[in-house]
Amino acid sequence: SAANAHDVRGLLPTVAACPLPGYGSPGRRPRRLLGDRAYRSAPHEGILRWLGIRPRFARPGAPHGSGLGKQRWVVERTIAHLHRNRRLKVRYERRADIHQGFLTLACVRLCWLRLKR
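Now for a description of the structure that goes with this document. What you see is a predicted model, and the numbers here were worked out from it, not measured in a lab. (Residues numbered from 1 in each chain as written. Predicted model: local features only at pLDDT ≥ 70, side-chain atom pairs only at ≥ 80, totals over all residues. Heavy atoms only, no water.)

## Quick look at the overall build of the chain
In terms of regular secondary structure, the chain is built from five helices and two strands. Traced from its N-terminal end to its C-terminal end, the chain shows the element sequence α-β-α-β-α-α-α. Out of the 117 residues belonging to the chain, those deemed buried represent 20%. The long-range share in the chain, meaning contacts at least 24 apart out of those at least 6 apart in sequence, stands at 34%. Taken as a whole, the chain presents about 9,300 Å² of accessible surface, with 58% of it coming from carbon and sulfur. (Helix = DSSP H or I, 4+ residues; strand = E, 2+ residues; numbered from the N terminus. Buried < 20%, exposed > 50% of the residue type's maximum accessible area, 1.4 Å probe, protein only. Contact = heavy atoms within 4.5 Å. Areas by Shrake-Rupley, 256 points an atom, 1.4 Å probe, with all protein chains shown as cover.)

## Some details on helix H2 (residues 42-50)
Residues His 44, Glu 45 and Leu 48 constitute the buried set of H2. An end-on view of H2 places all buried positions within 100° of arc, on one side of the element. Exposed residues lying more than 90 degrees from the buried face of H2 are Ala 42, Pro 43, Arg 49 and Trp 50. At its buried positions, H2 is contacted by helix H1 (11-16), strand E1 (32-35) and strand E2 (54-57). Looking one or two residues past H2, Gly 52 carries a phi angle of roughly 85°, positive in sign. (Arc of directions from axis to C-beta.)

## Observations concerning the nonpolar core
The biggest cluster of nonpolar side chains holds eight residues, and these are Val 8, Leu 11, Val 15, Leu 33, Tyr 39, Leu 48, Ile 53 and Phe 57. What Val 15 contacts, discounting residues up to four positions off in sequence, is Arg 29, Leu 33, Leu 48, Leu 51 and Ile 53. (Core = buried A, V, L, I, M, F, W, Y, C linked by side-chain atoms within 4.5 Å.)

## Comments concerning a nonpolar patch on the surface
Together, Ile 98, Phe 102 and Leu 105 make up an exposed nonpolar region whose accessible area comes to about 250 Å². Examined against the element boundaries, Phe 102 turns out to sit in helix H5 (residues 96-116). (Patch = residues over 30% accessible without salt bridge, like charges linked within 9 Å, V, L, I, M, F, W, Y side chains within 5 Å. Salt bridge = Lys/Arg side-chain N within 4 Å of Asp/Glu carboxyl O.)

## A look at the side chain of His 99
With respect to the helices and strands, His 99 occurs in helix H5. The exposure class of His 99 is buried, given its relative accessible area of 16%.

## Some remarks on the pairing of E2
The side-chain alternation of E2 yields one buried face, formed by Pro 55 and Phe 57, and one unburied face, formed by Arg 54 and Arg 56. What joins E1 to E2 is H2, and the crossover it makes is right-handed. (Right-handed = clockwise from strand over helix to strand, strands pointing away.)

## Topic: the pattern of salt bridges
Under the counting rule described, the total for this entry stands at four salt bridges. With a closest N to O distance of 3.6 Å, Arg 49 and Glu 45 form a salt bridge. Taken together, the residues Arg 49 and Glu 45, both in helix H2 and four residues apart, mark about one turn of the helix. Taking the relative accessible area as the measure of exposure, Arg 49 reaches 52% and is therefore exposed. Between Arg 87 and Glu 93 there is a salt bridge, and its shortest N-O distance comes to 2.5 Å. Given a relative accessible area of 41%, Arg 87 falls into the partly exposed group. What you see here is one network of salt bridges that share partners, running through Arg 40, Glu 45 and Arg 49.

Geometric values such as these leave the question of function open.
Take a look at the structure:
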């Protein structure tokens, strides 16, 4: 999404893009979803529960270090590794297919370096 769009706008489309079990590829929806304070809202939590996903969002007003960071750091670390590639950190391509190609190459490179260790 655009840099000036709020992250919660992409929550439901991202969850809807998860493959359903039994349709096409053998996939499954996540059992729980971790997020920061920005994702916490009653309508979004209700939809997630209806889909069978248990939302775990940080509570507003709670001190930092709620424990979610211990599980979310894997995602944050991966994004940091992907942002080593300047073309991904600052998106220069207007076409989504070209950007997707560079993202795929960066993910392949990241996996290759992890497996090489």
